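Working through the structure, step by step
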There are 2 protein chains.
Amino acid sequence: MVTMSDVARLAGVSKMTVSNVVNNRPGVSDPVRRRVLEAVQQSGYRLNVNARTLKAGRTGVIGLAVPGVDQPYFGVLGEHVIAAAAAKGFHVAIEQTGAAAEGEAEAISQSHRLQFDGLIISAVILDPREQAHAWADFPIVMLGERDYGQAIDHVGMNNEAGSRAATEHLIERGCTRIANVTGWSLEGVHVGSRRYRGYTEALKAAGIPVDPALVCLSGMGQETGRRAVHDLHEAGVEFDGVVAITDSVAIGVMRGLADLGMRCPEDVRVVGFDDISVCEFLTPSLTTVAPGHRWMAEKAVELIASRLEDPSRPPEDHTAPYELKVRESTR
Amino acid sequence: MVTMSDVARLAGVSKMTVSNVVNNRPGVSDPVRRRVLEAVQQSGYRLNVNARTLKAGRTGVIGLAVPGVDQPYFGVLGEHVIAAAAAKGFHVAIEQTGAAAEGEAEAISQSHRLQFDGLIISAVILDPREQAHAWADFPIVMLGERDYGQAIDHVGMNNEAGSRAATEHLIERGCTRIANVTGWSLEGVHVGSRRYRGYTEALKAAGIPVDPALVCLSGMGQETGRRAVHDLHEAGVEFDGVVAITDSVAIGVMRGLADLGMRCPEDVRVVGFDDISVCEFLTPSLTTVAPGHRWMAEKAVELIASRLEDPSRPPEDHTAPYELKVRESTR
DNA sequence: TTGTAGGCGTTATCAT
DNA sequence: ATGATAACGCCTACAA
């Protein structure tokens, strides 16, 4: 490996001067600078970031813990986090939690404080307050939920408002029997319960009673959406609209409708959440709530960076703007 | 930050003994070991991986350079690479190249050799041979293409055979006017030209002439697939089957067909490539070539690991098994 | 079994 | 403007 010392010898200067040139610091005369750059070229020298960060006490790597990058939503999120981090000179190491509590706890407490300058975590299961002891002044940004009691940096989206807007939209379109195909549970604070709340608020505001038969606890995947529709059908439940917890679930729902010969949007209107890129190209294209991925990613990286600069800064809580994208599935 | 010295002082031993205990090395008496572990507990000491790897010259991080994790195919690939790497004790840092030559060259030559133990790169544009000088004995695995002249470790899929199987399948189904919606160019060695070749082979074997009017150079996204269908239609070209270069393109194609009131599979049969998870849930579900993501990911990580152990090992070239998944779009 | 010395590649600090 | 020195936290090699 070519080191600064090698370059220094080659250029006939000291290590320090090489360091100054390589890092574009002032206080080096033009001739010397030229000589050093030439030596760098010749030797093929590359800065050893590891050594640099050892000195700085930083690694330059931000961890991003998500359930799985194979899920389109997290893929898109990852894309934006990587871009935002790159803009600030950070690399991103992606950790997969498998949407399991152990995976998430692992991601937080295990080895990360050792390798990463900060962690952006999209916790699905874990209540991070339970893990508070594990990180103590290590920069963590929670993504996707709120209600962490201001104890921790957080970037969320407005789940209630988004879900409520989606439901109101269906009501405006004339739906009266609107199903909510949501996550695993309505208890606690998580995506499912939040979005369910938005759903019920919209119904109540419109004077429509909440019918438990229309609420499907299904999970979060495509297959679960499909099964939910089959279940509703088999139970003889009538419905003319579906608010799905995510686009993936909505896609499953649309597929389930097709299985049963129900047309979308003529018989049943469907709205999703996330605005993954395939939505626009489905037939029918899928109406959805776009949660401002880029906005969230940039804010999250910003929070990590600012906490590194000032570890004592009080926690901040940000909420991304959302937008309802109306497409054919609710025409 | 708590260092080994701190722990050593606390336990009343030397740094070295702490190091030995922390790394589970033999040659430490039980009482001392216990005392050290206690001190570690009390102080909250964590090993500084950075310092260790500065010494060892390794970081334990493998880079994965892909066009973008927001593309479903690369999301799935990333998922498997991360899992395979984790099984061998590596972290994965994902780099995005944006499918641009600069991005790819950057990913290879710029700073990575400094941070990563190896790089798995899915090069879309770049011919890596042109960059050969840039890495010299840095473990790189090329993903997705072949014909790198055995100069470099490579894990590919059988693009020709897969595409040929897809085309043959359409022929068997009775299609006679089969379009190929492919990448940017038919020249050179890349996914587009490879799969185009498989397409032509199948046609020739069946005695069907290759009609240039049926070959659409469109790009790689959903939108480009849709536009290709519109273009064919506007040009008055008749077709009853489409071999799309990727599932994303195929999804665009299906959407384009819907735009124009053409039914799939009744009027036009469509087959994709990649087997991204949404295929199964589309209406109609999409027939596609599954390229063995997991197999490729595991092999790639294996190659990095083995090259780290033996840098002089000759380059290997592996080809993943593929499988045609027949679904409704070609019924 | 335990400790000491030296160095990995870089940078901050202080001299020159 | 440039250089010498001493860290950063750990590990290898050797000494005790």
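My aim in this report is to walk through the structure given alongside it, one point at a time. (Residues numbered from 1 in each chain as written. Chains lettered and ligands numbered in written order. Predicted model: local features only at pLDDT ≥ 70, side-chain atom pairs only at ≥ 80, totals over all residues. Heavy atoms only, no water.)

Quick look at the protein's contact with DNA strand C now. Around DNA strand C sit 26 residues in total, of which Met4(A), Met16(A), Ser19(A), Tyr45(A) and Val32(B) are the nearest. Restricting attention to atoms of DNA strand C within 4 Å of the protein, one finds that 63% of them are sugar or phosphate atoms. At a separation of 3.3 Å, a phosphate oxygen of DNA strand C approaches a polar side-chain atom of Asn23(A). Where the surface near DNA strand C is concerned, the elements lending two or more residues are α2 (15–22) and α4 (49–56) of chain A together with α2 (15–22) and α4 (49–56) of chain B. The element that contributes the greatest number of residues to the surface near DNA strand C is α4(A), accounting for 4 residues. When grouped by side-chain class, the residues that make up the surface near DNA strand C number 12 nonpolar, 8 polar and 6 charged. (Near = heavy atom within 4 Å. Polar contact = N/O pair within 3.5 Å; in protein donor to acceptor, adjacent residues only side chain to side chain. Helix = DSSP H or I, 4+ residues; strand = E, 2+ residues; numbered from the N terminus. Nonpolar A, V, L, I, M, F, W, Y, C, P; charged D, E, K, R; others polar.)

Okay, the environment of Met220(A) next. Residue and element names in this part refer to chain A. If you trace the backbone, Met220 turns up in the loop between β7 (215–217) and α11 (222–234). Each C-alpha atom, one on Met220 and one on Ile178, is 19 Å from the other, the two residues being 42 residues apart in sequence. Aside from chain neighbours lying at most four places away, what touches Met220 is Gly183, Trp184, Ile245, Thr246, Ser248 and Val249. (Contact = heavy atoms within 4.5 Å.)

Roughly 810 Å³ of volume is contained in the second largest pocket. Put simply, the parts of the chain that give the lining of the second largest pocket at least two residues each are α5 (72–87) of chain A together with α5 (72–87), α10 (191–205), α11 (222–234) and α12 (247–259) of chain B. (1 Å grid on protein atoms, 1.4 Å probe; cavity = no way out; pocket = protein on both sides within 12 Å on 5 of 7 lines; lining within 4 Å. Points joined across faces, edges and corners; volume = space filled by probe spheres on them.)

Before going further, it helps to spend a moment on the protein's contact with DNA strand D. Looking at DNA strand D, there are 26 residues lining it, with Ser29(A), Val32(A), Met16(B), Ser19(B) and Tyr45(B) nearest. Backbone atoms, meaning sugar plus phosphate, form 66% of the atoms of DNA strand D positioned within 4 Å of the protein. Within the backbone of Met4(B), one N or O atom sits 2.7 Å away from a phosphate oxygen of DNA strand D. The separation between a phosphate oxygen of DNA strand D and a polar side-chain atom of Ser19(B) is 2.7 Å. For the surface near DNA strand D, the elements supplying multiple residues, two or more each, are α2 and α4 of chain A together with α2 and α4 of chain B. Element by element, the count of residues in the surface near DNA strand D is highest for α4(B), at 4 residues. Considering only residue class, the surface near DNA strand D consists of 12 nonpolar, 9 polar and 5 charged.

Right, let's talk about α2(B) for a bit. Residues and elements named next belong to chain B. Buried within α2 we find Val18, Ser19, Asn20 and Val21. Contacts made by the buried residues of α2 are with α1 (4–11) and α3 (30–43). Immediately downstream of α2, the backbone of Asn24 shows phi near 60°, a positive value. (Buried < 20%, exposed > 50% of the residue type's maximum accessible area, 1.4 Å probe, protein only.)

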